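Here's the letter readout for the chains.
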Amino acid sequence: MIPPKFDYHAPKSVAEAVALLEQLGSEAKLLAGGHSLLPMMKLRFAQPEHLIDLNRIPELRGICLDGDTVVIGAMTVENELIASEVLRERVPLLGEAARLIADPQVRNRGTIGGDIAHGDPGNDHPALSLVCDAQFVLQGPNGRRTVDAHGFFLGTYMTQLEESEVMVAIRIPSFATHSGWAYEKLKRKTGDWATAGCAVVLRRSGDVVSHIRIGLTNVAPTALRAEAAEQALLGQPFTDENIARAVAAAIAITDPADDLRGDPEYKTAMAGVMVKRALNTAWARSA
Amino acid sequence: MSAVIQPADEREASLAGIGVSRLRKEDARFIQGKGNYVDDIKLPGMLHMDIVRSPIAHGRIKRINKEAALAIPGVHAVLTADDLKPLKLHWMPTLAGDVAAVLADEKVHFQMQEVAIVIADDRYIAADAAEAVEVEYEELPVVIDPYDALLPDAPVLREDLAGKTSGAHGPREHHNHIFTWDAGDLAAADAAFAAAPIKVEQHMHYPRVHPCPLETCGCVASFDPIRGELTTYITSQAPHVVRTVVSMLSGVPESKVRIVSPDIGGGFGNKVGIYPGYVCAIVASIVLGRPVKWIEDRIENISSTAFARDYHMDGQLAATEDGKILGLKVNVVADHGAFDACADPTKFPAGLFHICSGSYDIAAAHCSVKGVYTNKAPGGVAYRCSFRVTEAVYLIERMVDVLAQRLNIDKAEIRRRNFIRKEQFPYTSAFGFEYDSGDYHPALEKVLDAVDYPALRAEQAARRADPNSPTLMGIGLVSFTEIVGAGPSKMCDILGVGMFDSCEIRIHPTGSAIARMGTITQGQGHQTTYAQIIATELGIPSEVIQVEEGDTSTAPYGLGTYGSRSTPVAGAAIAMAARKIHAKARKIAAHMLEVSESDLDWEVDRFKVRGDDSKFKTMADVAWQAYHQPPAGLEPGLEAVHYYDPPNFTFPFGIYLCVVDIDRATGETKIRRFYALDDCGTRINPMIIEGQIHGGLTEGFAVAMGQQMPFDAQGNLLGNTLMDYFLPTAVETPKWETDYTVTPSPHHPIGAKGVAESPHVGSIPTFNAAVVDAFAHVGVTHLDMPHTAFRVWQALKAHNLAI
């Protein structure tokens, strides 16, 4: 558990960080909370020659409103999401789900941007971003660009974030009225990744579902948005039959890995259980 | 006017002696981060060691190339088995009569086995150098399953034992066989089975688990070449035994070896043995003449240091139709890994497994344990239990439940019918143990009343009748008897040294005291509780009694702390040493009061002249006199040493009950209720007892519900980090309800029996029984642990109970 030698850089601005990335190339890694990268370095699975620490860049922290959109600095830590009044009022799913991530100590260090940009299907924010219709603000040598969460996750540890880009902020539209939300995460213990997880945001119009997003955690090489499952309920009444169709559609797109949490059969079944529970909770809250 | 004499009860309260929930003396330093652990020790000129380990489970070492590692600036040495050979230290004896490789000699036998060491200026250089050592292996077929290991054409694991047809424990019948050990009377058991109308049998695997103390193992070895003295700070539960072994291995006279166990962050049996890392650090320090530190990381600790359990057990019970047990037979295949490194008393290769007749009056019993080599790390230690008692209790409690289900007798009732009755104590079991005392029936009824057992069973019946119930409900009930306090030297020794323990007490002139012990606390609170025993025995406030342990240059020789032996053995030594002081103090007091000894009465903290409360001398008065002007003919000073060789083990017991609700959709098991009644005899510090029980229950919960060491077919350990190896946090840990009865040990000076391991031994079968009970209505008699959500869900699916 001793990493090999590396050089440490602590830029004070995003521009400085981007310049370092350009200069150091693929031998550099960005350090956010460090709870994925540092263990990998200690195990010598990752051996970057340069670490660029983003922790001393004030502009990357904090939560504010831009009109109806909540803007979360990429280096905002999980416990700040939990404590945020703005999020509780505007995007209550996020703080609630953050409580299910890791443990209090890790949540003091782990950041939303690191969780997303790492591209690990076991991380929770990718699926949460998908159901919240989040957008990511990325800054590179050519300036800033904004990309949708949907389509951002390309494969395990692979995202649309370019090698010379830094994730700056996460933009999430405020939930509309009559929204319901839930994050169901089956895990073995505090600090574990999900055996299977499901995030849901929906809106109720009378007896029908008028908007719905379903996201899945850790049951495929990337976080998944279960679009066919969404279609099973969109514009439909929230009946047992439609729920079952949504669950079946969600299960159909899973491709979980076999590990000590369970075999693919179990994880697939658990994805279904999580989807069903998340849908029920979200619907009950949307009243 | 005579002085007002403080009432005896007030004086007694001010002593904070036996029975008082005195706050732990240790906590002030621990909660402020002021503990002093091995890794806190930094000596001038200290070097750092890292270990090159095998990536494969079985293979021949073709070549080791040290050049690249030695070329790294700051690297002082790279040592392999070839370098240790001239010192005859490439192999070392184990406590179980086998030998274990210190560094792999021509072959590796398990993944993560120690192959080479590197010594460097700092920990970082050492790690880089370890990575730079090139080792070339020729892979050999791997044996993971102990039954496969015994097949005629199984690969030969221990080529070093070629031609050895007998080992430390009798004949070897196969190249991967270590021993077969029997206890009880097979003919009598066979006769009981032949005559019995009812017979049940059950196969079960008690999985391999790891004690996983919070602090991993390590040492700082410091050899002074000028004085010829070796000091080693080490994470050891048995520093005196370590000193003896180090002296034997190194040739340094025992008087020049000093072993210090400073603060120890939990042991649970993991820190009893001698590990290759210790030996290598000591050798390196002797060779280089500089202090060498070695601290293993978590993966190394879980992968290579002593595991526990891994017993494949077949139990059989013979009984009457109304459930009276007539006979017990047990056959065990014990997976010992690559070397037999169990830490058991020498004569008992399966520890005290033959306590497996449990709390029951069983006339005929026999057990046979077959030890087997596999390509896994060595170990087989007592993980928070007395030697193999956890396996024994698990076996008998499972078997009694199986019998109850077969006969459709309630699981409480079948225990009532078979318990050893109070009037049968002292009771000699079919395996020959003499149970010192017990009173099981009232303890059982107390628990059943406390939880309203009939109401729980009624609720369970209703739940089972509802096919749409989202949960299954299970009730686990266990009645366990422990055997601790190893042990009488006529039965128990380690490397020939009897398993006594010791205490040295010195009363200072001003009436405060110091006690030094042969044991070593790892969280048990010895500094608190030992002082309480002295306080009550000698009338000195526990607050002014210092307790020291762990430094072989100051403490008397003792066998250490494991197997719940501290209170039964060392606690007795304290009382006996105190009584020697007490006897001398009485002589001094008689002299001071100018009466004969027989005219004195002892009351709390003083000797008083019978019939005159105003004429007395306190222990503090006596202490001053002992140094100031002792009576003619009496040695000055006030101190005593006692080496206590217990006449028998002690037999704590308990009744545990657990209620679980199993989520039929996910397989998750919620512990709704856990009620633990313990009887550990005399209770020294009830608060510490409760803490011990909470800790033991939590570890038991971890074992039953999540801990596992799964290996793939190539011998790779699949879960060797705390992400996969289950250590529960406060979030997962259930709420515990504790209760007690008191049945003192008749042979222990203060009647105490030991408690720290009871909750581990007792709770594991209770959790297991509760989960199995949830499936009992569909005919399930047994499910192997751990009851992870995944595994329970598989059982739900298999029995069409999943939703």
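Conventions used here
Residues numbered from 1 in each chain as written. Chains lettered and ligands numbered in written order. Predicted model: local features only at pLDDT ≥ 70, side-chain atom pairs only at ≥ 80, totals over all residues. Helix = DSSP H or I, 4+ residues; strand = E, 2+ residues; numbered from the N terminus. Buried ≥ 20, exposed ≤ 12 C-beta atoms within 10 Å, placed from the backbone. Contact = placed C-beta atoms within 7 Å. Core = buried A, V, L, I, M, F, W, Y, C linked by C-beta atoms within 7 Å. Nonpolar A, V, L, I, M, F, W, Y, C, P; charged D, E, K, R; others polar. Domains from an automatic or database assignment. Expected span 1.5 Å × (residues − 1). Axes fitted to C-alpha atoms, helices over the stretch in contact; angles between N-to-C directions. Parallel < 35°, antiparallel > 145°, perpendicular 65-115°, else oblique. Left-handed = near helix turned anticlockwise from the far one by under 90°. pLDDT = per-residue confidence, 0-100. Pairing = 2+ DSSP bridges. Arc of directions from axis to C-beta.

Turning our eyes to something else, we now look at the overall build of chain B. Helix and strand counts for chain B come out as 20 helices and 35 strands. Judged by the C-alpha coordinates and their principal axes, chain B covers about 90 × 75 × 50 Å. Out of the 803 residues in chain B, the part that is buried amounts to 57%. For chain B, long-range pairs separated by at least 24 residues make up 80% of all intrachain contacts whose partners lie at least 6 apart in sequence.

Ranked by size, the top nonpolar core spans 343 residues in total, and within it V200 and V275 of chain A together with V118, I534 and I574 of chain B carry the most contacts. Per-element tally for this core: the top contributor is helix α16 (residues 566-593) of chain B, with 12 residues. Each residue touching V275 of chain A, except ones within four places of it in the same chain, is listed here: C198, I214, A229, A246, V247 and A250 of chain A.

Tallying the contact residues gives 23 residues for chain B and 16 residues for chain A. Of all the secondary-structure elements, those providing two or more residues to the side of chain B that touches chain A are α5 (123-132) and α20 (789-798) of chain B. Counting residues per element, the side of chain B that touches chain A draws most heavily on α5 of chain B, which supplies five residues. Looking at side-chain class alone, the side of chain B that touches chain A contains 12 nonpolar, five polar and six charged residues.

For the rest of this paragraph, the subject is the domain arrangement of chain B. Residues and elements named next belong to chain B. Domain assignment breaks chain B into domain 1 (8-35 + 501-644), domain 2 (38-140 + 216-264 + 271-304) and domain 3 (307-486 + 649-798). Here the element with the most residues in the side of domain 1 that touches domain 3 is α16; it accounts for seven residues. Its residues placed into classes, the side of domain 1 that touches domain 3 shows nine nonpolar, 11 polar and three charged.

Now for helix α15 (residues 526-538) of chain B. Note on helix geometry: an α-helix contains 3.6 residues per turn, so any two residues three or four positions apart are oriented the same way. Residues and elements named next belong to chain B. Counted at 1.5 Å a residue, the expected span for α15 with its 13 residues is 18 Å, and the 18 Å between its end C-alpha atoms agrees. Summarising burial for α15: 12 of the 13 residues are buried, a large majority. The set of residues buried in α15 consists of H526, T528, T529, Y530, A531, Q532, I533, I534, A535, T536, E537 and L538. Immediately downstream of α15, the backbone of G539 shows phi near 70°, a positive value.

When two helices pack together, their arrangement is captured by the angle between the axes and the distance separating the axes. All names here are of chain B. Put simply, helix α18 (residues 686-705) and helix α19 (residues 758-774) touch, their axes get as near as 7 Å, and they point 40° apart. Taken together, the axes of α18 and α19 lie oblique to each other. As for the relative orientation of α18 and α19, their crossing is right-handed in sense. Across from I693, G696, L697, E699, G700, F701, V703, A704 and M705 in α18, the residues of α19 making contact are S758, P759, H760, S763, I764, F767 and N768.

The next subject is the domain arrangement of chain A. According to the domain assignment, chain A consists of domain 1 (7-50), domain 2 (61-173) and domain 3 (182-285). The C-alpha-based centres of domain 1 of chain A and domain 3 of chain A are spaced at 34 Å.

We now examine the confidence of the model for chain B. Confidence along chain B averages 96 in pLDDT terms, with 100% of residues attaining 70 or more. Note on the complex model: pTM 0.97, ipTM 0.97.

The next point concerns unusual backbone geometry. Residue and element names in this part refer to chain B. Going from F425 to P426, the amide bond is cis rather than trans, its omega being -10°. As for its placement among the helices and strands, P426 is situated in the loop between α12 (411-418) and β21 (427-428). Here the bond from M785 into P786 is cis, since omega is -5°, no more than 30 degrees from zero. Locating P786 in the fold gives a position in the loop between α19 and α20. The backbone phi angle of N408 is positive, close to 55°, even though this residue is not glycine. Its location among the elements puts N408 in the loop between α11 (389-407) and α12.

The subject of this paragraph is the sheet that holds strand β10 (residues 166-173) of chain A. Residue and element names in this part refer to chain A. In spatial order, the strands read β4-β5-β10-β6-β7; together these five strands make up an open sheet with antiparallel pairing. Two strands close off the open sheet at either side, each with one partner strand: β4 (63-66) and β7 (143-148). Pairs of neighbouring strands in the sheet enclose a mean axial angle of 25°, with direction left out of account. In the sheet, strand β5 (residues 69-73) pairs with β10 via five bridges, with the strands oriented antiparallel. Bridge pairing in β10 links V70 to I172. Packing of helix α1 (residues 14-24) onto the sheet brings it into contact with β6 (135-140) and β10, and relative to β10 it is tilted by some 130°.

In this section: the environment of H760 of chain B. All names here are of chain B. Structurally, H760 is set in helix α19. Spatially, the C-alpha atoms of H760 and Y383 are 8.7 Å apart, while their sequence positions differ by 377 residues. Among all residues touching H760, those that are not within four sequence positions of it are R384, C385, T390, G696, E699 and G700.

All names here are of chain B. With respect to the helices and strands, the residue T244 is situated in helix α8 (residues 239-250). T244 gets classed as buried once you count the C-beta atoms within 10 Å, which come to 20. With 11 residues separating them along the chain, T244 and S255 place their C-alpha atoms 9.7 Å apart. For T244, the residues in contact, after removing those within four places along its chain, are E254, L495 and V497.

In a beta sheet, neighbouring strands are held together by backbone hydrogen bonds and run either parallel or antiparallel to one another. Residue and element names in this part refer to chain A. Taken in spatial order, the three strands of this open sheet run β1-β3-β2, and their pairing is parallel. Looking at strand neighbours, the two that pair on one side only are β1 (7-9) and β2 (28-31), the edges of this open sheet. Direction aside, neighbouring strands of the sheet carry axes that sit 25° apart on average. For β2 and strand β3 (residues 50-53), the ladder comprises four bridges, and the chain directions are parallel. Residue A28 lies in a different strand from β3, and its bridge partner there is H50.

What follows is about helix α10 (residues 240-252) of chain A. Residue and element names in this part refer to chain A. For α10, with 13 residues, the first-to-last C-alpha span of 18 Å sits near the 18 Å given by 1.5 Å per residue. All of the buried residues in α10 are A246, V247 and A250. On an axial view of α10, the arc spanned by its buried residues comes to 100°, and they lie on one face. Turned more than 90 degrees off the buried face of α10, the exposed positions are E241 and A252. Buried residues along α10 sit against β13 (208-217), α9 (227-233) and α11 (264-285).

Residue and element names in this part refer to chain B. Both strand β2 (residues 59-65) and strand β6 (residues 107-108) contribute to a ladder of two bridges, which runs antiparallel. Across the sheet, G59 pairs through a bridge with V108, a residue of β6. Note that β2 and strand β8 (residues 134-139) share six bridges and pair antiparallel. When the bridges of β8 are listed, N65 appears paired with E134.

Before going further, it helps to spend a moment on the environment of S596 of chain B. All names here are of chain B. Among the secondary structure elements, S596 is positioned in the loop between α16 and β29 (600-603). C-beta crowding within 10 Å serves as the criterion here: with 8 such atoms nearby, S596 is assigned to the exposed category. Once the C-alpha coordinates of S596 and E434 are considered, the two residues, 162 residues apart in sequence, prove to be 41 Å apart.

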